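Summary of the model geometry
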Amino acid sequence: RTESWAPAAMADSAARSLFAGAAASVTVRTLEAPLERVKILLQNQISAEVGHRRYNGALDAMIRIQREEGFRAFWRGNLTNCARVLPSSALRFTFMDQFQALAATGLPTPSGGGPPVLPLHRQMLSGALSGALTLSVVYPLDLTRTKLTADMGGERHFSGIVDCIRQTTRKHGWLGNYRGFVVSVAEIAPYTALSLGGYEYFKRLLPVEGEEDWLGWARKAGVGWASGLTGSLVCYPLDTVKRQMMLDGSRGFQSRYDGSVRACVRLLYREGGLATFYRGCLFNALKSAPATGLTLVMNDIFR
């Protein structure tokens, strides 16, 4: 981006950041919703109720979802995900702009004008802070989305967003809507540092010639894909722990960890070693890395 990071320009671009981030993410999340549901089911079936017959991989999950729950079930939880993504992505990209402006403090302005060029560590710090701050705002929706998406079988445990939040609050109190929050921050901060911060840094290294034509956008998509893939692979074990903590004791899932992250990690490792933390990782990489790249590029386009 070439706009100034002076206070007046930052305020002027805030609305564009909100709209661009929201529009890009809702479009991509809706397209990838079936793959996201399969990933979450594979990732968390280890904690499902005793009567649940486990899926034997992504293909088996897709066949059984269609047969047992119907085609629309592939988008189960997507409405909640969009309700979460709208503020989440809008705030994340907007906070990123503000943290980039703060991170630019003390750096020299380029002779040709424009904002200072941030080094990689400052871009990554901006990404990490934007991800953590955004999560603190939208976390209850993220938890609700996970529960609705992981709802297995033809008989649903929750009738919708409001019912899920009501049941969670009734069983665990309002703070129950923040179960797993600490490990979620530990997961999202490095993920957004690598994906968002990495994208903002490395896209500046691309050739300037033709950056607005299809080849330029393709190069940016490639940078976004690589950044998203790196973040996904590095942070996936924490994502597994996060989802387990979110669903622990929820309807349809056993209570195994009593709110303890340490107990969760120990039990998962005992049951399957390191491979347990990467269950569904390849499938997730195939869907999330392109989705991340597309979201980042679409955000630039909408802006």
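A brief structural summary. (Residues numbered from 1 in each chain as written. Predicted model: local features only at pLDDT ≥ 70, side-chain atom pairs only at ≥ 80, totals over all residues. Heavy atoms only, no water.)

Empty space left among the atoms is revealed by rolling a probe the size of a water molecule over them. Applying the stated criterion across every chain, the model contains 4 cavities of 30 Å³ or more. Taken as a whole, the largest cavity spans an internal volume of roughly 650 Å³. Class assignment for the residues of the lining of the largest cavity results in 11 nonpolar, 12 polar and 13 charged. Of the volumes computed, that of the second largest cavity is approximately 70 Å³. As for the second largest cavity, its lining consists of Arg29, Glu32, Ala33, Glu36, Arg37, Trp75, Arg76, Gly77, Asn78, Asn81, Arg145 and Thr149. Counting residues per element, the ones that place at least two in the lining of the second largest cavity are helix 1 (7-44), helix 3 (78-103) and helix 4 (120-149). By residue class, the composition of the lining of the second largest cavity is 2 nonpolar, 4 polar and 6 charged. (1 Å grid on protein atoms, 1.4 Å probe; cavity = no way out; pocket = protein on both sides within 12 Å on 5 of 7 lines; lining within 4 Å. Points joined across faces, edges and corners; volume = space filled by probe spheres on them. Nonpolar A, V, L, I, M, F, W, Y, C, P; charged D, E, K, R; others polar. Helix = DSSP H or I, 4+ residues; strand = E, 2+ residues; numbered from the N terminus.)

So, about the pattern of salt bridges. On inspection of all chains with the given rule, the structure shows 17 salt bridges. One salt bridge connects Asp239 with Lys39, and the closest N-O pair in it is separated by 3.4 Å. In this pair, Asp239 is assigned in helix 7 (residues 214-247) and Lys39 in helix 1, connecting sequence segments 200 residues apart. Considered together, Asp239 and Lys39 belong to a single accessibility category, that of buried residues. Of the charged contacts, one joins Glu200 and Lys203 as a salt bridge, the two residues approaching to 3.6 Å between their closest N and O atoms. Relative accessible area serves as the criterion here: at 10%, Lys203 is assigned to the buried category. (Salt bridge = Lys/Arg side-chain N within 4 Å of Asp/Glu carboxyl O. Buried < 20%, exposed > 50% of the residue type's maximum accessible area, 1.4 Å probe, protein only.)

Okay, the packing of helix 7 against helix 10 (residues 281-302) next. Close contact between helix 7 and helix 10 brings their axes to 7 Å; oriented N to C, the two are set at 140°. In terms of orientation, helix 7 lies oblique with respect to helix 10. As for the relative orientation of helix 7 and helix 10, their crossing is right-handed in sense. Each of Trp217, Lys220, Ala221, Gly224, Trp225, Gly228, Leu229, Ser232, Leu233 and Tyr236 in helix 7 lies in contact with helix 10, whose residues at this interface are Cys281, Asn284, Ala285, Ser288, Ala289, Pro290, Thr292, Gly293, Leu296, Val297, Asp300 and Ile301. For the contact of helix 7 with helix 10, a count of residues per class yields 13 nonpolar, 7 polar and 2 charged. (Axes fitted to C-alpha atoms, helices over the stretch in contact; angles between N-to-C directions. Parallel < 35°, antiparallel > 145°, perpendicular 65-115°, else oblique. Left-handed = near helix turned anticlockwise from the far one by under 90°. Contact = heavy atoms within 4.5 Å.)

On to the environment of Thr240. Checked against the element boundaries, Thr240 lands in helix 7. According to the relative accessible area criterion, Thr240 is buried, its value standing at 1%. It is 8.5 Å that separates the C-alpha atoms of Thr240 and Thr276, two residues lying 36 residues apart in sequence. In this structure Thr240 touches Gln43, Leu268, Thr276 and Phe277, once residues within four positions along its chain are discounted. At 2.8 Å, the side chain of Thr240 forms a polar contact with the backbone oxygen of Phe277. (Polar contact = N/O pair within 3.5 Å; in protein donor to acceptor, adjacent residues only side chain to side chain.)

Moving on, we get to helix 2 (residues 58-69). Over its 12 residues, helix 2 extends 16 Å from the first C-alpha to the last, a length consistent with the 16 Å expected when each residue adds 1.5 Å. Among the residues of helix 2, Ala58, Asp60, Ala61, Arg64, Ile65 and Glu69 are the ones counted as buried. Taken end-on, helix 2 shows its buried residues confined to a sector of 150°, consistent with a single buried face. Across helix 2 from its buried face, at more than 90 degrees, point the exposed residues Leu59 and Arg67. The positive-phi residue at the C-terminal boundary of helix 2 is Gly70, with phi of around 95°. (Expected span 1.5 Å × (residues − 1). Arc of directions from axis to C-beta.)

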